[in-house]
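Structure at a glance
Okay, here's what each chain looks like letter by letter:
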2 protein chains.
Amino acid sequence: MNDQAPDQTQPSTQRRLIILTEGHSEPITAKTAASVLRYKPSEVVALLDTTQVGSTANQLLGVGGETPVVGALAAAPDANALMLGIAPPGGRIPGAWRSVILEAIDRGMNVISGLHDFLSADAEFSRVAAEKGVQLIDVRKNNERDVANRENIREQCLRIHTVGQDCSLGKMLVALELSLALQKSGVDSKFVATGQTGIMIEGDGAPIDCVVADFVSGAVEKLILANQHHEVLVVEGQGSLAHPRYSGVTLSLLHGCMPHGMIMCYEVGRQNVNGMEHIPLQPLPKLIEVYETMANLMGPSKVIGVAMNSTFVTAEEAELERERVRSELGLPICDVVRHGPDELIQAIQAMSPVLATT
Amino acid sequence: MNDQAPDQTQPSTQRRLIILTEGHSEPITAKTAASVLRYKPSEVVALLDTTQVGSTANQLLGVGGETPVVGALAAAPDANALMLGIAPPGGRIPGAWRSVILEAIDRGMNVISGLHDFLSADAEFSRVAAEKGVQLIDVRKNNERDVANRENIREQCLRIHTVGQDCSLGKMLVALELSLALQKSGVDSKFVATGQTGIMIEGDGAPIDCVVADFVSGAVEKLILANQHHEVLVVEGQGSLAHPRYSGVTLSLLHGCMPHGMIMCYEVGRQNVNGMEHIPLQPLPKLIEVYETMANLMGPSKVIGVAMNSTFVTAEEAELERERVRSELGLPICDVVRHGPDELIQAIQAMSPVLATT
């Protein structure tokens, strides 16, 4: 996925991260930080946010336990790499971040970024990194130039895909949890990462939203071909087919991975498109119809279950919602964190006679 | 659209092109050449194809009249620019093409390319072009980094979009012909180019299939905002929502331009996906349903007519097909080249009370 330094995104016991979440240490904006804390907790030494010094990761992000929030790199001397855990406001790296990045390089730390603007394309960063012998790891950097060919697909490998009502509501987390639960039940399952955070966690994948548009489905098809020796692939979703900005990425991904089964992900209570509050979300029944229509252009596919993200409601509200949606849609539904993933795992196992008998 | 040398893609009486179509001087593979010959005939001095020396453009491509095919740059000394009119087999520039490009540069000619691999990224081409003071014009080169915002859209500007059953069947040509016909009828219409050939003809636009996936709909929205002072925009389509490789590009474009009306384009007799002969095309009624479903996620939209490409059938066969499809779909239908665009122009004018009274 990353021509520059693929090894650095591999799980490593040597990696000791300080994650920059400056001014935005909350679960949605800092979702990269939250996800790395959830799935690679032993690698995270501290969060860096001068506005929240003294707090813990768990207090701010709901994960990460007692991992401290510090105000300077010097306060976490054990760290050997700086990870940018949020996107910069306005898309450009602010001056204060530049100082931190340069200081990290000066301290001999690698810097890991999932931004669209590559650290390695910055002349100053590149120069000082070369001087210090440290790596600038741009997880989104890629040179994908292959189109999909729709050949040599192994249909005995069950392809499951998390799709969603919107961006930023948990499609990656659901895919990871489902794959982990399948593994625990003895199934040879693989999480297929399609975004920068998933890649940082899994160690491989393709940063599809940063691929040149013509080659997105080709990049996804290559992931399928490379991993279809597993029994089950759980492919991380991106965006939504109804998202005004990212629907094309979502469709390239859907048609690139041709899922047999889709898990529809949504966040309880969210009414409008994330970051575009003037645009209402499409209702779930409509979206299920749309996903099935579009997926079936390439092969038989159906939504087999619903993953609710009930983070922002009480347990009682979550239960009411769960029963309401179950009755409305007639599909298995659970919050994989709050309820555990069993109901969805059963739906996946029911798709494959081979799996059902393992 | 092109940060490097936008002026060179503008219509210019000074531009005298020789177009490379080496070994592929036929209408589909050489569609860039054919389109430039059709819409900018006065700019084309010759085609360059060592396998077809002595033929005329019209004999090989069905357009371009007596424009000669030559076997060397020296045979067309009037030309001051070399345009690459086909994509290289395998995606990489063959050695023989490199020699021609280097010879063109050496003769002081600019070189214009619509390839995904940029001439300006080639160290040798860049060096010799700089030495000779000529320009390497990569029409697909862009630095699009804006997402769609869905704000300040002028709904009084009628947005028409050509969509298709497949790639490479005439969506650009139909959009150009419709816009020209609207202009002739007194409507202030603008052709909005979204691909390299359209940009070469129109002089502006966005090469959306070469934009980073996250920013495609944003690039399209910017074209709408920049041009919505016109009464009508006819937005060039790309690919197909059912294309295994390019469906995501198509959806980003559809959601970026939010058409009020769509013109469904197809080629009479084509059965399978272009370049993927093992995959059958979806039938037109199904595709119309799919396009309308997806377009309506963003706003009211419908398919208002059908543009048939009947190039490869007789006039009689075309007439039978036209009546068959008209009766099956209940929509206006014509081949804009063979029959003229009147039937579709009436359908467009019927969409807008303002336009209908002009």
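The structure displayed is predicted, hence computed values, not measured ones. (Residues numbered from 1 in each chain as written. Chains lettered and ligands numbered in written order. Predicted model: local features only at pLDDT ≥ 70, side-chain atom pairs only at ≥ 80, totals over all residues. Heavy atoms only, no water.)

1. Some points on the sheet that holds strand β9 (residues 232-235) of chain B
Residue and element names in this part refer to chain B. Judged by pairing direction, the sheet is parallel, and its six strands sit side by side in the order β8-β9-β7-β10-β13-β14 without closing on themselves. A single partner strand is all that each edge strand has here, and the edge strands are β8 (189-192) and β14 (333-334). Here four bridges tie strand β7 (residues 158-164) to β9, and the two strands are oriented parallel to one another. Directly across from L158, in β9, lies its bridge partner V232. Sitting on the sheet, helix α5 (residues 171-184) is in contact with β7, β8, β9, β10 (261-267) and β13 (302-309), with an inclination near 165° to β8. The strands touched by helix α7 (residues 216-227) are β7, β8 and β9; relative to β9, the strand with the most contacts, the crossing angle is about 155°. (Pairing = 2+ DSSP bridges. Helix = DSSP H or I, 4+ residues; strand = E, 2+ residues; numbered from the N terminus. Contact = heavy atoms within 4.5 Å. Axes fitted to C-alpha atoms, helices over the stretch in contact; angles between N-to-C directions.)

2. Points about empty space enclosed by the protein
Using the criterion set out here, one finds one cavity of 30 Å³ or more in the structure. As a volume, the largest cavity reaches approximately 30 Å³. For the lining of the largest cavity, the secondary-structure elements that each account for two or more residues are α8 (247-257) of chain A together with α8 (247-257) of chain B. Grouping the amino acids of the lining of the largest cavity by side-chain chemistry returns six nonpolar, four polar and no charged. (1 Å grid on protein atoms, 1.4 Å probe; cavity = no way out; pocket = protein on both sides within 12 Å on 5 of 7 lines; lining within 4 Å. Points joined across faces, edges and corners; volume = space filled by probe spheres on them. Nonpolar A, V, L, I, M, F, W, Y, C, P; charged D, E, K, R; others polar.)

3. What about the packing of aromatic side chains?
Across all of its chains, the model carries zero aromatic pairs over all chains by this definition. The ring of F125 of chain A carries the charged tip of R98 of chain A above its face, separated from the ring centre by 4.3 Å. (Phe/Tyr/Trp six-rings, centres within 6.5 Å; stacked < 30°, edge-to-face > 60°. Lys NZ or Arg CZ within 6 Å of the ring centre and 35° of its normal.)

4. Quick notes on the domain arrangement of chain A
Often the size quoted for an interface is simply the accessible area lost on bringing the parts together. Residue and element names in this part refer to chain A. Entries for chain A in the domain assignment read domain 1 (6-138) and domain 2 (158-356). For domain 1 versus domain 2, the distance between C-alpha centres works out to 27 Å. Facing the 18 residues of domain 1 at the interface are 19 residues of domain 2. Where domain 1 abuts domain 2, roughly 1,500 Å² becomes buried across the two surfaces, and 64% of that area is made up of carbon and sulfur atoms. Remark: the boundary between domain 1 and domain 2 carries zero salt bridges. The interface formed by domain 1 and domain 2 holds three residue pairs in polar contact (both at pLDDT 80 or more) in total. The set of elements that each furnish at least two residues to the side of domain 1 that touches domain 2 consists of α1 (31-39) and β5 (110-113). The biggest single contributor to the side of domain 1 that touches domain 2 is α1, with six residues. (Domains from an automatic or database assignment. Buried area = accessible area lost by both parts, 1.4 Å probe. Salt bridge = Lys/Arg side-chain N within 4 Å of Asp/Glu carboxyl O. Polar contact = N/O pair within 3.5 Å; in protein donor to acceptor, adjacent residues only side chain to side chain.)

5. Observations regarding the pairing of β7 of chain B
All names here are of chain B. Burial analysis of β7 places seven of its seven residues in the buried class, the great majority of the element. Here β7 shows two buried faces, one formed by L158, I160, T162 and G164 and the other by R159, H161 and V163. In terms of strand pairing, β7 meets β10 through five bridges, oriented parallel. The residue of β10 that forms the bridge with G164 is C265. (Buried < 20%, exposed > 50% of the residue type's maximum accessible area, 1.4 Å probe, protein only.)

6. Focus on the interface of chain B and chain A
Facing 41 residues of chain B, the contacting portion of chain A comprises 41 residues. In this assembly, chain B packs against chain A so that about 3,400 Å² is buried in total across both faces, 57% of it on carbon and sulfur atoms. Interface area lost by chain B to chain A is led by D214, R245 and L297 of chain B, which between them contribute 18%. For the pair chain B and chain A, the number of links is two salt bridges. A salt bridge links D117 of chain B to R145 of chain A, with the shortest nitrogen-to-oxygen separation between them at 3.9 Å.

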